[in-house]
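Commentary on secondary and tertiary structure
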Amino acid sequence: MVQLSSTLLYIAFVLYLIATLFFGGAIRVKKKDGVDRWATIGIVVTIIGFIAQLGYFITRWIAAGHAPVSNLFEFTTFFGMMLVGAFIVIYFIYKTSLLGLFTLPIAILVIAYASMFPREISPLIPALQSDWLHIHVTTAAAGEAILAISFVAGLIYLIRVVDQSKPSKRTFWLEFVLFFLISTLGFVIVTTSFRAAGYEAAFEWIDKNGKQDEMVYHMPALVGPHEGVLKTEGRMTPLIDMPAIINARKLNTVIWSLFAGLGLYGLLRLVLRKRIAAALQPLVKNVNLDLVDEIGYRSVAIGFPVFTLGALIFAMIWAQIAWTRFWGWDPKEVWALITWLFYAAFLHLRLSKGWHGERSAWLAVIGFAIIMFNLVAVNLVIAGLHSYAGS
Amino acid sequence: MEHVKCECGHVNPIGTVLCEACGKPLEEVPTLVDMRYEGSARRSQTYNKTIIDKIWNFFSSVKVGVWLIVITLIASAIGTIYPQQMYIPPTVSPAEYYEQQYGWLGKWYYTLGFHDLYSSWWYMLLIALIGVSLVICSLDRVVPLYRALNNQRVTRNEQFLQRQRLFSRAQATDYETALRHVVDKLTKRGYRIREENGNILAEKGRFSRWGPYVNHIGLIIFLIGAMLRFVPGMYVDENMWIREGEIKEIPGTKGKYFLENKKFIFEVYEKEKEKEAFQPAIDRVGSGMMAKNYQTDVVLYERVGPVVAGEEPKLKKIKSFSIRVNEPLKHDHYALYQVDFKLDELKNMSFHLTDKQTNKSFGTITIDLIQPEKEYDLGNGYKVQLLSYFPDFYFDENGNPNTRSKVPNNPAFVFKMFAPDRPKGEVSFTAIRQTIEPLGDNKYKMSFAGIETRNVSALTVRRDFTLWILGVGGAIFMIGLIQGMYWNHRRLWIRRIDEEVLIAAHTNKNWFGLKKELEGIFNDTPFVMPIDQADKRS
C-alpha cells in the first residue's frame, strides 16, 4: 500500500509535466471548429494526474489510518493537489488553457519541494489525534490553493502588461517573483543532487544554552554552526560560523538554494538574452486581460470564505479542544490572521477603491507570498506549536 | 432634511446621485454610471460640517478601514519575530531573557513592548478602531442602499439605461412575442420579473447585496464576545496538579466539584508494537521517542450539602472519565484538559531503624512524603520522631537546610531515634545518600529501605461563557461571507421607447457569468444582446 501510494504520486507528477507541455502547445495551435485539441488533451491528462494523486492520498490514508496531512511533506503535497483541483474547476468555468501552462508548473514545483522533506508515514502525536486534523487542515489547504490561483492569474496579467522595453521597478519585482520560483527549483536540484551523492558532514557545536550537540549537514557547509567542529573527514570546512540562535544548517540550505537559483537564473538570462518575463511575454500576448483579472478576483472571492472557514474557524474550534483555548497567538495562528487580513484588504480595495487590473495582480502576488511564508518560513524558521509540521 | 425631487416625481434625500426610483442622474456623471451603492445618498458624502460629521466621515471611509487593517497586519507580523512572553519559560525574567537570547535586538523588542504585543493597549485600540470602522462603514452604506433597492422602479430613465456597462439599443420588431419568450427564459433561470407598461425589470440574488453587512454584524458580535473576556466571571482558566490517588477540589468551581486521579498513563510509540507502515518513521526518530498518549483516568465528584469550614466534604460520584489530549472531560460548562504531567514523583520513603554495629533492624517506617506523621512507633520501646522534614532540600546561603518547594523532589529528614538503651533519643539528619549526625556518634541509624513513586498529572480547568457568542458571531460572519461572495445581484432592464428597445444589465460582480447567462437568454430572440461598453474604452 505504501509503495503503491508513492508510485501513484510519482505518476501524477509525471502526468502534470506532460499536461504542461500540451497546454504549452495549445497556445501556438489555432483552434479547429472552436475546439482546441491540445488544450483538451492537456486537461484530460491533468485530470488523470489529479486522479492518480487522489489515489496516492487515499492509499496513504488507508496505510496510515489517518489523513496524510500531518507533516510538511504531506501538507505541501496536498496543497499541490488542491492547486491542481482548483485549476481544473476554474478551467471548466473559463476555458483558459493558458492558466494550465502557468498553474501546473507551480503545482509541480510545490510537490517537488514537498518531496525534499521526510516522506515516511508517521504515527500521530497526541495533539494531532483528532478528526479536526482532517477537517481543519484540508479546508485550510483548499482555501490557500484557491487563493493561489489568483496569484497565477496575477502573474499572467503582469507578464502581459508590464512594459519590457525599459527597466523599471515593475520589471525588477516581476523578475524577483520569477527568481523566487526558480530558486525553489534550485532548492530541489541541490537537495536531490547532494542526497544522491550521499553527502554527510557531522559537526559538534555549542547550542544557545551552552550545551554541546551534534548536527549533520547534507550539503557542504558554507556557514557552520556556532563553534562548530567538523567531525567527518574530507568534508568542506565552513567559511564562517553562525551565532547559536541561528539554525546554521537551514540557513546553509537557503544559501545553497539561492546560489543555485542565481545560477539557473543567470543561465536563462544568458540563453534568452532578455528578462525572463520578457521571454514569457509572447506566450501571453493573446490573453484577454479582463478575463484574467476576473479569474484572479473570482478565485479570491471563492477562496476567501473557504480559507476563513478552514484556517480560522475550524482552527479555533480545534484549538479550543486540543490546546484549551481557541486562540493563543501562536505564530502560525497569527500568520493565518495576517493572510486573512490581507485578503480582506484586497477585497475592500477592489470593491470600494476600484483596484482592478495591475494593482489587483500585484496584490495577488503579495498574498501568495504571505501564504508561502506561512507554509515555509513559519514552519521551519519561527518555531511554535505548529512546528511539528516541519519535522 | 432637505430633499431633491426627480422629474419622475420621486423625492430623494439630498446627496442622491441617481434617482432612487428611475435612476436618472441628478448630478453630472461620467459616460458609465457608478453603480456602487446605487448612486444613493450616503451621509458621509453629504454632510461635513460638525465634528460628528467629521468623525463619521473618517470612519466611514474604506480607505481608513484598509489602513487600519494593514497596520494591524504589520503589527501582528512583528509580534511573531520572537516568541511572545507567554511562550518563554515562566521562571525567567523577560527583561533578561530577550537580551540573553536575541542580543540587542531582543532588548529593543522587550523595551518597545513587542514581547507582549497582542495585549498591549495600542494593539487593542487598533482592533477597537477596526470595530468602529466596521459599524460606521456598514451603516453609512446599508441604509441608503436599502432605500434605493426598495424604491427602484421598473421603468428606468433612458440616461440610466444607456450608461450601464452592458447596454444595447435596437429597433423593436415583434416586441411582445419576443418579450414573452425572454420573460419565460428569465423565469426559468430564477429571475423575479416585474412588469410595468410593457417594460421589464428582471432581478435575482438581491440578498447577496446584504452579504457584506451580515458578515460585518458577525464580526462585531465576535469582537463583542472577545471583549466580554475582560468582564469578571465570564470565564474560568485555572490549573491543577493532581497526584495519582489524590482527591482534590477543582479550582474555579468554588468548592462544588472534586476530582480523583485514579491513574496517569503515558505511552510512546514503540517499534515492535506499531504497524509496518510506521516503522521507517519510528526508526528515524528512535523507538520510544515519540509520544502516543497522555491520559488521566479520573472520577468526578460533586459536593453534597453546604460547605462547612474544617470538615471533610461529602462527595457524590458523577462520572468516571479518561481525559486525553483532544478529549477533555466536560460537565456543567466546565472542561478539564490534559496539559502536562510529571512521571514518578516520590510518594513514600521507607527506612529501617538499624544498629550500626550489628546491622540488626528493629522495624521499618514508611513516610508519606506529602503528609508525614510526627511519630512512628515500632513497638518494644523503639520509636522514631520526625523533627523536621524538607521535601525539596537544599542548603541555603547561611548553610542551613531548607526546602525549595513543597514538592518531594529531594526529601531530607531530621529523625530522633528512640530505643530502650537510648531513652533520650539520638538525632540524625538523613537525606538521599547523605547522613549527618549533628550531636555526635549515634548507635542507631535510619537505613534506606525503598521508595514508592506515582505520576502527577496537570489539568487545565476552563469554563467560558463567551464561547457561544463567538460561535454565533463566527457563524453569522460565514453566512454573510458566503451570501456576498457566492451569489451575485443581477438585474436586467428591458424598456421600449417608441420604436426602440433598450436593454441594460448590471451585476455587482462576476460580469463574465452575467454575460454568459445573457447569451443564453438572447441567442434565439430578435433582441440584441447588450454589449459591454467597458470594452470600448480599452
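Keep in mind that what you see is a predicted model, and the values were worked out from it rather than measured. (Residues numbered from 1 in each chain as written. Chains lettered and ligands numbered in written order. Predicted model: local features only at pLDDT ≥ 70, side-chain atom pairs only at ≥ 80, totals over all residues. Heavy atoms only, no water.)

Bringing the overall build of chain A into the picture now. Helix and strand counts for chain A stand at 11 helices and 5 strands. Taken against the 2.2 N^0.38 rule, which gives 21 Å for 391 residues, the C-alpha radius of gyration of chain A at 22 Å falls within 12% of a compact globule. In terms of its C-alpha atoms, chain A occupies a principal-axis envelope of roughly 70 × 55 × 45 Å. Out of the 391 residues belonging to chain A, those deemed buried represent 59%. Summing over all exposed atoms, chain A offers an accessible surface of approximately 16,200 Å²; the carbon and sulfur share of this is 68%. Both charge centroids of chain A, one from 30 positive and one from 22 negative side chains, sit 12 Å from each other. (Helix = DSSP H or I, 4+ residues; strand = E, 2+ residues; numbered from the N terminus. Rg over C-alpha atoms; globule rule 2.2 N^0.38 Å. Buried < 20%, exposed > 50% of the residue type's maximum accessible area, 1.4 Å probe, protein only. Areas by Shrake-Rupley, 256 points an atom, 1.4 Å probe, with all protein chains shown as cover. Lys, Arg positive; Asp, Glu negative; His and termini not counted. Charge placed at Lys NZ, Arg CZ, Asp CG, Glu CD.)

Once that is clear, we can look at the overall build of chain B. For chain B, the helix and strand inventory stands at 12 helices and 24 strands. Computed over the C-alpha atoms, the radius of gyration of chain B is 39 Å, more than 25% above the 24 Å expected from 2.2 N^0.38 for a compact globule of 538 residues. Overall, the C-alpha framework of chain B stretches about 130 × 55 × 55 Å when taken along its three principal axes. Counting the 538 residues in chain B, one finds 47% classified as buried. Counting every atom, chain B has about 27,900 Å² of accessible surface; 56% of that belongs to carbon and sulfur. Where the 70 positive side-chain charges of chain B centre and where its 62 negative ones centre are 4 Å apart.

All names here are of chain B. Domain boundaries assigned for chain B yield domain 1 (3–149), domain 2 (157–205 + 488–537), domain 3 (207–233 + 465–486), domain 4 (235–344 + 458–464) and domain 5 (347–451). Computed over C-alpha atoms only, the centres of domain 1 and domain 3 are separated by 17 Å. Each partner contributes to the interface: domain 1 provides 14 residues, whereas domain 3 provides 8 residues. For the pair domain 1 and domain 3, the summed buried area comes to about 950 Å², and 78% of that belongs to carbon and sulfur atoms. Interface area lost by domain 1 to domain 3 is led by L134, S138 and L145, which between them contribute 42%. One can count 1 salt bridge joining domain 1 with domain 3. Our count for the contact surface shared by domain 1 and domain 3 stands at 2 residue pairs in polar contact (both at pLDDT 80 or more). Its residues assigned to classes, the side of domain 1 that touches domain 3 shows 10 nonpolar, 2 polar and 2 charged. (Domains from an automatic or database assignment. Contact = heavy atoms within 4.5 Å. Buried area = accessible area lost by both parts, 1.4 Å probe. Salt bridge = Lys/Arg side-chain N within 4 Å of Asp/Glu carboxyl O. Polar contact = N/O pair within 3.5 Å; in protein donor to acceptor, adjacent residues only side chain to side chain. Nonpolar A, V, L, I, M, F, W, Y, C, P; charged D, E, K, R; others polar.)

This brings us to the UniProt feature "transmembrane region" (unreviewed entry) in chain B. Following the UniProt record, the feature "transmembrane region" (unreviewed entry) maps to residues 64–82, 121–143, 213–231 and 465–487 of chain B here. This span, residues 465–487 of chain B, is 87% helix and 0% strand, and a straight line between its end C-alpha atoms measures 34 Å. (UniProt positions renumbered as here; feature names shortened; annotations may be inferred.)

All names here are of chain A. Taking 1.5 Å per residue, 23 residues should reach 33 Å; helix α3 (residues 72–94) reaches 32 Å between its end C-alpha atoms and fits that length. With respect to burial, α3 is a largely interior element, 19 of its 23 residues being buried. Structurally, the start of α3 carries an N-cap: the backbone nitrogen of F73 is 3.2 Å from a side-chain oxygen of N71. Phi turns positive, to about 55°, at K95, one or two residues after α3. (Expected span 1.5 Å × (residues − 1).)

Bringing the nonpolar core into the picture now. Residues I156 and W340 of chain A are the most contacted members of the largest nonpolar core, which totals 158 residues. The leading source of residues in this core is helix α5 (residues 131–161) of chain A, at 18 residues. Excluding its chain neighbours within four sequence positions, the residues that come into contact with W340 of chain A are F304, F307, T308 and L312 of chain A together with L219 and F477 of chain B. (Core = buried A, V, L, I, M, F, W, Y, C linked by side-chain atoms within 4.5 Å.)

This part is about the UniProt feature "domain: Cytochrome c assembly protein" (unreviewed entry) in chain A. This chain's UniProt record puts "domain: Cytochrome c assembly protein" (unreviewed entry) on residues 70–192 and 262–386 of chain A. Segment residues 70–192 of chain A splits into 78% helix and 0% strand. End C-alpha atoms: 23 Å apart.

Looking now at the sheet that holds strand β4 (residues 229–230) of chain A. Residue and element names in this part refer to chain A. Strand order across the open sheet formed by 3 strands is β2-β1-β4, with antiparallel pairing between neighbours. Edge positions in the open sheet fall to β2 (212–217) and β4, since each of these has one partner strand only. Alignment of strand β1 (residues 201–206) against β4, held across 2 bridges, turns out to be antiparallel. Opposite F203, over in β4, you have L230 as the bridge partner. (Pairing = 2+ DSSP bridges.)

Next up on the list: unusual backbone geometry. Residue and element names in this part refer to chain B. Positive phi outside glycine occurs at D498, with the angle close to 55°. Here D498 shows up in the loop between β22 (490–497) and β23 (500–507). Phi is positive for N510, which is not a glycine, with a value near 60°. Note on placement: N510 falls in the loop between β23 and α11 (511–522).

To continue, consider the packing of helix α3 (residues 62–78) of chain B against helix α5 (residues 121–151) of chain B. Think of two packed helices as two axes; the pair is described by the angle between the axes and how far apart they sit. Residues and elements named next belong to chain B. α5 packs onto α3 with a crossing angle of 155° between their chain directions and a minimal axis gap of 10 Å. On the basis of their axis angle, the class for α3 and α5 is roughly antiparallel. When the axes of α3 and α5 are compared, the crossing they make is left-handed. Residues V62, G65, L68, I69, I71, T72, A75 and S76 of α3 touch α5, and the partners they reach there are W122, Y123, L126, I127, L129, I130, S133, C137 and R141. Its residues placed into classes, the contact of α3 with α5 shows 12 nonpolar, 4 polar and 1 charged. (Axes fitted to C-alpha atoms, helices over the stretch in contact; angles between N-to-C directions. Parallel < 35°, antiparallel > 145°, perpendicular 65-115°, else oblique. Left-handed = near helix turned anticlockwise from the far one by under 90°.)

Moving on, we come to the interface of chain B and chain A. Counting residues at the interface gives 58 residues for chain B and 64 residues for chain A. For the pair chain B and chain A, the two sides together bury roughly 5,100 Å², of which 66% comes from carbon and sulfur. Remark: the boundary between chain B and chain A carries 1 salt bridge. Across the pair R284 of chain B and E120 of chain A runs a salt bridge, and its minimum N-O distance is 2.9 Å. For the pair chain B and chain A, the interface holds 19 residue pairs in polar contact (both at pLDDT 80 or more). Considering every element that reaches the side of chain B that touches chain A, the biggest residue donor is helix α10 (residues 467–486) of chain B, with 9 residues. The class makeup of the residues in the side of chain B that touches chain A is 36 nonpolar, 10 polar and 12 charged.

All names here are of chain A. The topology assignment puts L264 in helix α7 (residues 248–272). Taking relative accessible area as the criterion, L264 reaches 24% and is therefore assigned partly exposed. Taking the C-alpha atoms as reference, L264 lies 32 Å from I51; in sequence the two are 213 residues apart. If near-sequence neighbours (up to four positions away) are discounted, L264 is found in contact with I182, L185, G186 and I189.

This part takes up the side chain of T507 of chain B. For T507 of chain B, the position within the fold is in strand β23. A polar contact is formed between the side chain of T507 of chain B and the backbone oxygen of H489 of chain B, at a distance of 3.5 Å.

The next point concerns a nonpolar patch on the surface. Residue and element names in this part refer to chain A. Nonpolar side chains collect at one region of the surface, where M1, V2, L4, L54, I58 and I62 lie side by side and expose about 510 Å² of accessible area between them. At the level of elements, α1 (2–28) and α2 (37–64) are the ones that each hand at least two residues to the nonpolar patch. The element contributing the most residues to the nonpolar patch is α2, with 3 residues. Structurally, L4 is set in helix α1. (Patch = residues over 30% accessible without salt bridge, like charges linked within 9 Å, V, L, I, M, F, W, Y side chains within 5 Å.)

Turning next to the UniProt feature "domain: ResB-like" (unreviewed entry) in chain B. Residues and elements named next belong to chain B. The UniProt entry lists residues 62–428 and 441–519 under the feature "domain: ResB-like" (unreviewed entry), expressed in the numbering used here. Helix makes up 30% of residues 62–428 and strand 37%, whereas the separation of the span's terminal C-alpha atoms amounts to 79 Å. Spanning residues 441–519, this segment combines 37% helix with 47% strand, and its end C-alpha atoms are found 109 Å apart.

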